[in-house]
Amino acid sequence: MSAEESGGGHRLGSYLRARRELVSPSQVGLPAGGRRRVPGLRREEVALLAGISPDYYLRLERGRDRNPSPQVLEALARVLQLDDIERMYLLDLAAARPRAPRRKRSEQVPARVYELLAHLQVPAFVEGRAFDVLAANPMAVAFSPRLRPGQNRLRSLLLDPEERAFHQDWTKATANFIATLRTTIGDDIDNPRFVELVGELALSSQRFRTLWARHDVRNLDGGTTTVHHPVVGDLRLHRDKLPIEDVILVVYYPDKDSDSDEKLRLLAALAHTADDQTRVGRPDASSNRPTH
């Protein structure tokens, strides 16, 4: 996290500025006018449309006023064309108060989940809040080697060429993952794992820097995706994410009797060759398993 984002008042201001720069004058019924020095709307235009003074809006963006009313926030959300998730994020930013540092808790995979993974016949794995892979069944590893315990899904997505080729729509996938990370972080900005991951990716990925600066927020829940597997070809799979205590169980599965269903059966043959420890991703199966 940058120093700017770490400050309580500046988190709200940074979000307002980032969203303002993404709204064009034509989207809110304003003429583009002459030459503009900055993208998107000017501060005074946002203030005018929201029914507040330009000076007050300037104070909000600069972190000098940390207690805007709900009415002001709702007006800004309307002008900035925020969806429901983005609007709630804005309200949460304004409601955030200084808090004591949270005690670092280790993300533990319950023992019963290892047993569940061993019995599932479709790709399934457990991830932490920062997209660290904590455990995986053999089908998940056959589906993608980047799903071995110890890997980080977002790092792989941004930095591994094989993972980029794996996704049918890599551009959309990166946007979704990064927006979800920002939502997940919320006000937990001093979490060492989040600070470490954001810092690493900000240094190593231009794509991450560009998208992180947009301040997009999103919930990455279920859905359907298509991937290009190097052995069996295209797979169209549904994805469900199921919270279990402090971790998330992620399961990929095809439509029954579909072409992708047949291809997953081929992958199952590869998965059966893995040894028991690798199959269920137990702690002693990988020396670099995250301890966050």
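In this report, the structure presented in the accompanying data block is examined.

## Remarks on the overall build of the protein
Within the protein one finds 15 helices and five strands. Counted over contacts in the protein with a minimum sequence separation of 6, partners at least 24 positions apart contribute 58%.

## Some details on the nonpolar core
Ranked by size, the top nonpolar core spans 26 residues in total, and within it Tyr 15, Leu 16, Val 46, Ile 52, Tyr 57, Leu 76 and Leu 90 carry the most contacts. At the level of secondary structure, the elements contributing two or more residues to this core comprise helix H2 (8–20), helix H3 (43–50), helix H4 (54–61), helix H5 (70–79) and helix H6 (84–95). No other element matches the six residues that H5 contributes to this core. With sequence-adjacent residues up to four places away left out, Leu 16 is seen in contact with Tyr 57, Leu 60, Glu 61, Leu 76, Leu 80 and Leu 90.

## Examining H5
Considered for burial, the residues of H5 that qualify are Val 72, Leu 73, Ala 75, Leu 76, Ala 77 and Val 79. Just past H5, the residue Gln 81 takes up positive phi, approximately 55°.

## What about the pairing of strand S2 (residues 133–136)?
Strand residues, when the strand is regular, have side chains that alternate between the two faces of the sheet. The sheet contact formed by strand S1 (residues 124–127) and S2 spans three bridges and is antiparallel. Opposite Val 126, over in S2, you have Ala 135 as the bridge partner. The hairpin formed by S1 and S2 contains five residues between the paired strands, and Phe 131 there has a positive phi angle of roughly 70°.

## Structural notes on the side chain of Glu 45
With respect to the helices and strands, the residue Glu 45 is situated in helix H3. The contact partners of Glu 45, leaving out residues within four places of it in the chain, are Leu 30 and Arg 36.

## Digging into the sheet that holds S1
Read across the open sheet, the five strands follow the order S2-S1-S5-S4-S3; overall the sheet is antiparallel. The sheet is open, and its two borders are formed by S2 and strand S3 (223–229), each paired with just one other strand. Each strand of the sheet is rotated relative to its neighbour by a mean of 30°, with strand direction disregarded. As paired strands, S3 and strand S4 (residues 233–244) are joined by seven bridges and run antiparallel to one another. Its bridge partner lying in S4, His 228 is registered against Asp 234.

## Section: the environment of Gly 222
Topologically, Gly 222 is positioned in the loop between helix H13 (206–212) and S3. For the pair Gly 222 and Val 251, spaced 29 residues apart in sequence, the C-alpha to C-alpha distance is 9.5 Å. Contacts of Gly 222, omitting those with residues within four sequence positions, involve Arg 239 and Asp 240.

## Remarks on the pattern of salt bridges
According to the stated counting rule, one finds 20 salt bridges in the structure shown. Between Arg 43 and Glu 61 there is a salt bridge, with its nearest N and O atoms 2.9 Å apart. Of the two residues, Arg 43 is situated in helix H3 and Glu 61 in helix H4; the sequence distance between them amounts to 18 residues. Looking at Arg 43, the relative accessible area reads 31%, which means it is partly exposed. A residue is classified by how much of its surface remains accessible, and Glu 61, at 2% relative accessible area, is buried. Measuring nitrogen to oxygen at the nearest pair gives 2.7 Å for the salt bridge that ties Glu 127 to Lys 241. With Glu 127 in strand S1 and Lys 241 in strand S4, the pair connects residues that are 114 residues apart, well separated along the chain. When sorted by exposure, Glu 127 lands in the same class as Lys 241, which is buried. Salt bridges sharing common partners tie together Arg 19, Glu 86, Arg 214 and Asp 216.

## What about the packing of aromatic side chains?
Throughout the structure, instances matching the rule amount to six aromatic pairs. Ring geometry for Tyr 15 against Tyr 89: centres 5.0 Å apart, planes inclined by 65°, an arrangement best described as edge-to-face. Here the residue Tyr 15 occupies a position in helix H2, and Tyr 89 occupies one in helix H6, the gap between them amounting to 74 residues. Under the relative-accessibility criterion, Tyr 15 is labelled buried at 1%. With relative accessibility at 10%, the residue Tyr 89 sits in the buried group. Ring centres of Phe 131 and Phe 177 lie 4.8 Å apart, and the angle between their planes is 45°; this geometry places the pair in the tilted category. With Phe 131 in the loop between S1 and S2 and Phe 177 in helix H11 (residues 170–185), the pair connects residues that are 46 residues apart, well separated along the chain. Among the aromatic residues, those joined into a ring-pair cluster are Phe 125, Phe 143, Phe 166 and Tyr 252. One cation-aromatic arrangement involves Arg 146 over Phe 166; the distance from NZ or CZ to the ring centre is 5.4 Å.

Rules used throughout
Residue numbers here run from 1 along each chain, matching the order of that chain's written sequence. With the structure being a predicted model, the display of local features is reserved for residues of pLDDT at least 70 and the display and counting of side-chain atom pairs for 80 or more, all residues being used for whole-chain, interface and lining totals. Hydrogens and waters are ignored; side-chain quantities use all the structure's heavy atoms. Helix and strand definitions follow DSSP, with helices as H or I runs of at least four residues and strands as E runs of at least two, each counted in order from the N terminus. By the convention used here, residues are in contact when the closest approach between their heavy atoms is within 4.5 Å. Residue types Ala, Val, Leu, Ile, Met, Phe, Trp, Tyr and Cys, when buried and joined through side-chain atoms within 4.5 Å, form a set referred to as a nonpolar core. Each residue is placed in one exposure class: buried if its accessible area under a 1.4 Å probe, protein chains only, is under 20% of its type's maximum, exposed if it is over 50%, and partly exposed if it falls in between. At least two bridges found by DSSP between two strands is the condition for calling them paired. Axis definition: a line fitted to C-alpha atoms, limited for helices to the stretch in contact. Angles are taken between N-to-C directions and run from 0 to 180 degrees. Salt bridge, as used here: a side-chain nitrogen of Lys or Arg that lies within 4 Å of a carboxyl oxygen of Asp or Glu. Any pair of Phe, Tyr and Trp rings, taking the six-membered ring for Trp, is counted once the centres come within 6.5 Å. Such a pair is stacked with planes under 30 degrees apart, edge-to-face with planes over 60 apart, and tilted for the rest. Lysine and arginine charges are scored as sitting over a ring when NZ or CZ, respectively, is within 6 Å of the ring centre and within 35 degrees of the ring normal.

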